[in-house]
Amino acid sequence: MLQDDAAAPAQLEGWAEPVATALLVLADGTVLEGFGIGATGEAAGEVCFNTAMTGYQEILTDPSYAGQIVTFTFPHIGNVGTNDEDLESLDAAPASGVRGAVIASAVTNPSNWRSSRHLDGWLKARGIVGITGVDTRALTALIRDRGMPNAILANDPDGRFDREALIAKAASLPPMEGLDLVPPVTSREAKTWGETVWQHPVGYGSRAPGEGLKVVAIDYGVKRNILRLLAKAGCDVTVVPATASAEEVLALKPDGVFLSNGPGDPAATGEYAVPVIRALLDKKVPTFGICLGHQLMGLALGGRTVKMSQGHHGANHPVKDRTTGKVEIVSMNHGFAVDPNSLPENAVETHVSLFDGSNCGLSLTDRPAFSVQHHPEASPGPQDSHYLFDRFVSLMRETKGANA
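Residues numbered from 1 in each chain as written. Predicted model: local features only at pLDDT ≥ 70, side-chain atom pairs only at ≥ 80, totals over all residues. Heavy atoms only, no water.

K.L.:
Account for helix α8 (residues 266–282), with residues named and values stated.
P.N.:
Each turn of an α-helix holds 3.6 residues, which means side chains three or four residues apart point in the same direction. Helix length check: α8, at 17 residues, gives a terminal C-alpha distance of 21 Å against a target of 24 Å (1.5 Å per residue), a shortfall beyond 12%. Tyr 272 marks where α8 bends most, by close to 60°; the proline Pro 275 follows one to four residues later. The backbone nitrogen of Ala 267 has a side-chain oxygen 2.9 Å away, supplied by the residue at the start of α8, namely Asp 265. At the exit of α8 stands Lys 284, carrying a positive phi of roughly 60°. (Helix = DSSP H or I, 4+ residues; strand = E, 2+ residues; numbered from the N terminus. Expected span 1.5 Å × (residues − 1). Bend = angle between axes of the 7 residues up to and from the residue. Polar contact = N/O pair within 3.5 Å; in protein donor to acceptor, adjacent residues only side chain to side chain.)

Encoded structure:
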């Protein structure tokens, strides 16, 4: 039933406009208001968007997001709560590469049998600043049009902000180009890994080392599930810091070397990583790289990497494997890409994005090495790319047999 205008003011009596308790302040001066969640204070970083509908806890603990504020395009984040198992960072302590989280809808109470904590409390414990109530569709459109902006994310329960100061801070942040963000997320010392994949009802399994192929994983910010799948494939995995020398890696007598994912500008990390990778490739050690590891391999071959405008972040990316002709639906998380035109003749482009044609994989014709840009371990529903771990195992066995 329609009401006349005279009745409207009476209905508004006692109405209080909600006070913004969090702000996302972009470097161009754009200010988005919302409501704070998680840790209080300020977080600074590059704002990207992720289109995945599931896996928010894995995203928020992925070391590849160091230096970034993640905008979730899916509105319902936090609805299944959090737990102590679904972490991707190698260090289980309350820390994360992610600087902040931008969410559309208010976080509801969790409704999942595995949940042990509300997302708000989990974010607080890990020191991650968050904001809800943001029009993430509009923010995503802005990023698509203008690229990934730097920003300050501020959370104050009392809603007291110096907006001009926040704008100035956001404008003064350095660009992602030239930033080596690996040191805060890499392992401090070598360690063995034996945990395998999760299975109902027992959870994560384990395998005893000693009988498998020896794999040295160079940790640039490695994800746990990569190590789990290497262990499941029958590998005895030793994780070493990103700064490990070629001599230290070779002293472990590996059957193969894995180059992990990680954050930041690959050219900056390549200052110390590329000489090591070149030495390992020259020794013809079977090598497999993922994400940053793929980019570093490209640099080690003499190629170059380029900054992407909006990057690839999501779990629904179609990638074609040119060696089989098959199309895989994969998970991606990267803001830089290898320029395929810069690669030498002995590097073959094996995978390509069907979204924009960017390079997603390479292999060498004269050495036992290959790499992919996407995340085959992430299993975004399908497990289309798990075969890559079997391909790595086969490569190691073939090389070991040829050298016997």
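Moving on from the coordinates now.
K.L.:
I'd like a description of the sheet that holds strand β6 (residues 129–132), backed by residues and values.
P.N.:
Reading around the barrel, the seven strands line up as β1-β2-β6-β5-β4-β3-β7 and close back on themselves, with mixed pairing between neighbours. With strand direction ignored, the average angle separating the axes of adjacent strands in the sheet is 35°. In terms of strand pairing, strand β3 (residues 41–50) meets strand β4 (residues 68–72) through five bridges, oriented parallel. Looking across to β4, one finds that Glu 46 is bridged to Gln 68. (Pairing = 2+ DSSP bridges. Axes fitted to C-alpha atoms, helices over the stretch in contact; angles between N-to-C directions.)

K.L.:
I'd like to hear about a nonpolar patch on the surface, residue by residue, with values.
P.N.:
Where nonpolar side chains cluster on the molecular surface, the patch consists of Val 327, Ile 329 and Leu 354 and spans about 240 Å² of accessible area. Tracing the chain through its elements places Val 327 in strand β16 (residues 327–338). (Patch = residues over 30% accessible without salt bridge, like charges linked within 9 Å, V, L, I, M, F, W, Y side chains within 5 Å. Areas by Shrake-Rupley, 256 points an atom, 1.4 Å probe, with all protein chains shown as cover. Salt bridge = Lys/Arg side-chain N within 4 Å of Asp/Glu carboxyl O.)

K.L.:
Mind laying out the nonpolar core, listing which residues take part and the relevant values?
P.N.:
Soluble globular proteins tend to pack their nonpolar side chains together in the buried interior. Among the nonpolar cores identified, the biggest contains 38 residues, and Leu 24, Val 47, Leu 60, Phe 72 and Leu 119 are the most heavily contacted of them. Considering each element in turn, this core owes the most residues, four residues, to β3. (Core = buried A, V, L, I, M, F, W, Y, C linked by side-chain atoms within 4.5 Å. Buried < 20%, exposed > 50% of the residue type's maximum accessible area, 1.4 Å probe, protein only.)

K.L.:
I'd love a proper account of the pattern of salt bridges, names of residues and values included.
P.N.:
Under the counting rule described, the total for this entry stands at 19 salt bridges. With its nearest N and O atoms 3.8 Å apart, the salt bridge here joins Asp 255 to Lys 400. Pair noted here: Asp 255 is in the loop between α7 (246–251) and β13 (256–259) and Lys 400 is in helix α10 (residues 387–403), with a separation of 145 residues, a long-range link. Note on Asp 255: relative accessible area 15%, which makes it buried.

K.L.:
Report on the UniProt feature "domain: Carbamoyl-phosphate synthase small subunit N-terminal" (unreviewed entry) in the chain, specifying residues and quantitative values.
P.N.:
Mapped onto this structure's residue numbering, the UniProt feature "domain: Carbamoyl-phosphate synthase small subunit N-terminal" (unreviewed entry) falls at residues 20–154. End-to-end, the C-alpha atoms of residues 20–154 are 11 Å apart, and along that stretch the chain is 18% helix and 30% strand. (UniProt positions renumbered as here; feature names shortened; annotations may be inferred.)

K.L.:
Tell me about the sheet that holds β16, and please be specific about residues and values.
P.N.:
With respect to topology, ten strands assemble into an open sheet ordered β8-β12-β11-β13-β14-β19-β18-β17-β15-β16, the strand pairing being mixed. In the strand order of this sheet, the two ends are held by β8 (191–193) and β16, each with one partner. Within the sheet, the average angular offset between the axes of one strand and its neighbour, ignoring direction, is 25°. Lying on the sheet, helix α6 (residues 224–232) is in contact with β8, β11 (213–219), β12 (235–241), β13 and β14 (287–290); it crosses β12 at an angle near 150°. (Contact = heavy atoms within 4.5 Å.)

K.L.:
Kindly report on unusual backbone geometry, identifying the contributing residues and their values.
P.N.:
In this structure, the amide linkage connecting His 200 to the following residue, Pro 201, adopts the cis form with an omega of 5°. Locating Pro 201 in the fold gives a position in the loop between β9 (195–199) and β10 (203–206). The backbone of Lys 253 shows a phi angle near 50°, a positive value even though the residue is not glycine. Of note, the phi angle at Lys 284 is positive, near 60°, even though the residue is not glycine. You can see Lys 284 is positioned in the loop between α8 and β14. Given the relative accessible area of 48%, Lys 284 is considered partly exposed.

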